[in-house]
Every structure is written in C-alpha cells, then in structure tokens.
Amino acid sequence: MDAYITRTSVALPNQPVENEQIEMVLGQVGERPSRARRIVLRNNGIRRRYYAIDPGTGLATHSNASLTAAAIRGLAGEDFALEDIAVLACGTSNADQLLPNHAVMVHGELGVPIREVVSTSGVCLSGTTAFKYGWMAVKSGCATNAVVTGSEIASHNLRAQTYEAECTARGKALDAHPELAFDKDFLRWMLSDGAGAWLIEPEPRRGLNLRVDWIDLFSYAHALPACMYMGAEKGEGGALRGWMSHPAHEREANSIFALKQDVRLLNEAVVEYTLEKPLQRVIAQRRLSPRDIDWFLPHVSSEYFVPKVAAALERLGLPLPRERWFTNLAWTGNTGSAAIYIMLDELVRSGRAAPGQRILCFVPESGRFSSGFIHLTALEHA
C-alpha cells in the first residue's frame, strides 16, 4: 500500500524578527550587547525568524502545544475535519513540560477525539521520526490516516532572564560575569520558533500529492559523545551528567536547563557523521543517483555548512547543482524539528514542485549525531 502527503500546513508565531531586533525581544544579557551576535549571524545567513514572545512585554504568546495545534488546524477543510484524525504523531526538541508527553498536550489543545496519539523525542530528527511513525501506520493499513508534526519553541529558554536566573542561583552577580560562555550565547542567535503539520493518507487527493517512497534513519551515538544537550552538564571525556543526578539545590540553577552546543565538535563531525557516512549507505542500498533527485531539501542550521554539504555530495558521487536545492533558512530561521515541514510546505505552495519530480529531504541532528533521509515523488491527481 502506498502512502501520500496530501496536505501541509505551517504556523509561525507573531511578526518576523529582524537581526537587529533580536536582543530587543529576547533581552540583553549583562551590561553590554553580545559580542558573539555579529559573528554568528554573519556565518549563519539568517536574516529573520519568529519568536513566540510578545516583544513589548517579553511574555510568551504561545506554548509549543498551542503552536502545534495551530499548524494542525490548517490541514482541515475539503472533506477532512480534525475529528477525522486517526493517528496523531508529534515530534519536538522541547516540550512544554517533562510529563505528560507533547503529543497528548497537542491532542488536548485540539479538543477532538483521536484514536492513537504518539510523541517522539530527540532534537531536529524528532519531527522526522514522528513522520515515519505516521507513514508506517498508514502504509501498513493500521490507520486510515495520520497527522504528523514537528515543532519548536526555543525562544522561551533563550530569554535574558534564563541566564540572569542562572547567575542568581549560583550566587554570582551578573555584572561581574557580563559575557555568556560561547556554547550558550551561540544558540541565542541560531534558533527560532515554528510548527508544521502534514496529513498522510493511503490515497491521493485532488491536486499535487507527495508519495512517500522511503525514509531511512541513522544514529552514530556509538561513535561520538553528545554535541547539543539540555538538562545536563558535560564532564570529562564528554560524558553527560543528567539533571536528576544533581542535588536538589543544583537543579534550581538554570545552567542545567540552558541549551548548550559543543561548537567545536559540531564543526568537526556533523557533516561526516550525519551526511557522508549514512548517505553512502543510502546510495548503495537505494541505488541513488543525481538523476533521481529533482529537489534537494537540506535542513541546515547555518549557511556556513552549505559549501561543506555540497563538497560532501561531490565526494559521494551525488553532485546536485544549487538550482535544485531549496531552503528557506534565511527568512524562517532554524526551527529544528519543524524545519523540514516548513520547507516542504513552502516548496509545494510555491508551485515549483511539478508532477513526476522527486524530492530528497536531509535532516541532520547534532544531539548525538543522527540523521534522516526522506524520498518523495510529486504526483498530480485529478
């Protein structure tokens, strides 16, 4: 049985935030503007992004669950109602709470009966694993349809008060430590908010549909330590000490819950272990060649990695000219697990994907170096 993406939808919160507005929305940490900001923004190529924060008050305007529900509501219409959802699978890096899981909170926001609800965790790949679950449910005949999502609300954890609270909890004056460590400050200029949803069905609908040909997922956690982490501290040898192992008074320090990135490890390993090594296996198993790819949708966190990805494709014998690449990083920002949903939605709505064309999606995750590859074929149905 085949399975098709028959509808896509996106929810981006509030008005876009330009580069010069970021510290106005997130708040300035310490007495001086960030010194890392200019360097990071120049390298990542992001010009605007979205935050679920009221710029006037600094208060949250959306939860992760409410933003995800907004994206799902965009799928309704033309013989499909929210009450028709058979399976709901939701992936995110940062749910609003530890328990209950993210997907059941989204279900609660929707307020309609749903037979089966599943949440997948992780970082950028969590939206892709949710998609694979929904695809398998439909393709196997176990479900009449599935709605799958990827969503992120990174901004709530990037506000200045997060870092100010850390200094307070550690008994340090903020003005005595005005500069954030680069592993924390780096991510303030990299991450943004958004949600996307896809409807998967066993039969195509009128108009353009995307047949899901295959999805391959890989993990290289056995080969490398954690690179992006939250709720933990990294010790000697790269081992993580989770938040539950800390004494109660240390758990109150927000440093444990601040999102961190090992930038050196990221730069050294991300292309090799999320693209080159797994894609080499995909090429051999799927007999993939450049003529099999009309559109390449890479989730890249930064424009800095684009030439590195292109060079890796060349080395693998899969050169793809840049006119076949599609990315919207510059104007939607790095939305993590939601990025591939937001990219594919824009490609479809732009009218640039034509019937018969084949799409390869690449989703890397630097948490502990995982990745996913999705192959789709565009089909027109009368």
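Up top is the structure.
What you see is a predicted model, and the numbers here were worked out from it, not measured in a lab.

A. Here's a closer look at the overall build of the protein chain. Within the protein chain, the secondary structure is distributed over 12 helices and 15 strands. On C-alpha atoms alone, the protein chain measures out to a radius of gyration of 21 Å, which is about the 21 Å that the 2.2 N^0.38 rule sets for 382 residues. C-alpha atoms of the protein chain, sized along the principal axes, occupy 65 × 50 × 40 Å. Expressed as a percentage of its 382 residues, the buried residues of the protein chain come to 55%. Here the analysis covers contacts within the protein chain between residues at least 6 apart in sequence; of these, 82% occur between residues at least 24 apart. Carbon and sulfur atoms make up 51% of the accessible area of the protein chain, which amounts to about 16100 Å² in all. Distance between charge centres in the protein chain, computed from 39 positive and 42 negative side chains, equals 5 Å.

B. Looking closely at the sheet that holds strand E5 (residues 116–120). A sheet is described by the order of its strands in space; here 9 strands give the open sequence E5-E4-E6-E7-E1-E8-E15-E14-E13, paired in mixed fashion. A single partner strand is all that each edge strand has here, and the edge strands are E5 and strand E13 (295–298). Each strand axis lies, on average, 25° off the axis of its neighbour in the sheet, ignoring direction. Here helix H5 (residues 126–139) sits on the sheet in contact with strand E1 (4–11), strand E4 (87–92), E5, strand E6 (146–152), strand E7 (194–201), strand E8 (207–219), strand E14 (358–365) and strand E15 (370–381), set at roughly 115° to E8.

C. Main features of the pattern of salt bridges. The final tally for this structure, using the stated rule, is 12 salt bridges. In this structure, the salt-bridge partner of Lys234 is Asp262, at a minimum N-O distance of 3.3 Å. Here Lys234, found in strand E10 (residues 232–234), pairs with Asp262, found in the loop between strand E12 (260–261) and helix H9 (263–286); they are 28 residues apart in sequence, far enough to count as distant. Under the relative-accessibility criterion, Asp262 is labelled buried at 19%. The closest approach of N and O atoms between Arg315 and Glu276, which form a salt bridge, is 2.7 Å. Linking Arg315 in helix H10 (residues 306–315) with Glu276 in helix H9, this pair joins segments that are 39 residues apart in sequence. For Glu276, a relative accessible area of 19% translates into the label buried. Overlapping salt bridges, with partners in common, bring together Asp292, Asp294 and Arg358 in one network.

D. Examining the packing of helix H3 (residues 64–73) against helix H4 (residues 102–110) more closely. Between H3 and H4, the shortest axis-to-axis distance is 8 Å and the interhelical angle comes to 60°. Judged by the angle between their axes, H3 and H4 are oblique. As H3 packs across H4, the resulting crossing turns out to be right-handed. Contact residues: Asn64, Ala65, Ser66, Thr68, Ala69, Ile72 and Arg73 in H3; His102, Met105, Val106, Glu109 and Leu110 in H4. Looking at the contact of H3 with H4 residue by residue, the class counts come to 6 nonpolar, 4 polar and 2 charged.

E. Structural detail: the environment of Met24. With respect to the element layout, Met24 can be found in helix H1 (residues 22–26). Residue class for Met24 comes out exposed when judged on its relative accessible area of 63%. Taking C-alpha positions, Met24 is 37 Å from Leu224, a pair spaced 200 residues apart along the chain.

F. Region of interest: the packing of H9 against H10. Relative to each other, H9 and H10 sit at 35°, their axes nearing to 10 Å. Viewed along their axes, H9 and H10 form a crossing whose handedness is right-handed. Two secondary-structure elements touch here, H9 through Asn267, Val271, Leu275, Glu276 and Leu279 and H10 through Lys308, Val309, Ala312, Leu313 and Arg315. Class assignment of the residues belonging to the contact of H9 with H10 gives a composition of 6 nonpolar, 1 polar and 3 charged.

Conventions used here
Residues numbered from 1 in each chain as written. Predicted model: local features only at pLDDT ≥ 70, side-chain atom pairs only at ≥ 80, totals over all residues. Heavy atoms only, no water. Helix = DSSP H or I, 4+ residues; strand = E, 2+ residues; numbered from the N terminus. Rg over C-alpha atoms; globule rule 2.2 N^0.38 Å. Buried < 20%, exposed > 50% of the residue type's maximum accessible area, 1.4 Å probe, protein only. Contact = heavy atoms within 4.5 Å. Areas by Shrake-Rupley, 256 points an atom, 1.4 Å probe, with all protein chains shown as cover. Lys, Arg positive; Asp, Glu negative; His and termini not counted. Charge placed at Lys NZ, Arg CZ, Asp CG, Glu CD. Pairing = 2+ DSSP bridges. Axes fitted to C-alpha atoms, helices over the stretch in contact; angles between N-to-C directions. Salt bridge = Lys/Arg side-chain N within 4 Å of Asp/Glu carboxyl O. Parallel < 35°, antiparallel > 145°, perpendicular 65-115°, else oblique. Left-handed = near helix turned anticlockwise from the far one by under 90°. Nonpolar A, V, L, I, M, F, W, Y, C, P; charged D, E, K, R; others polar.

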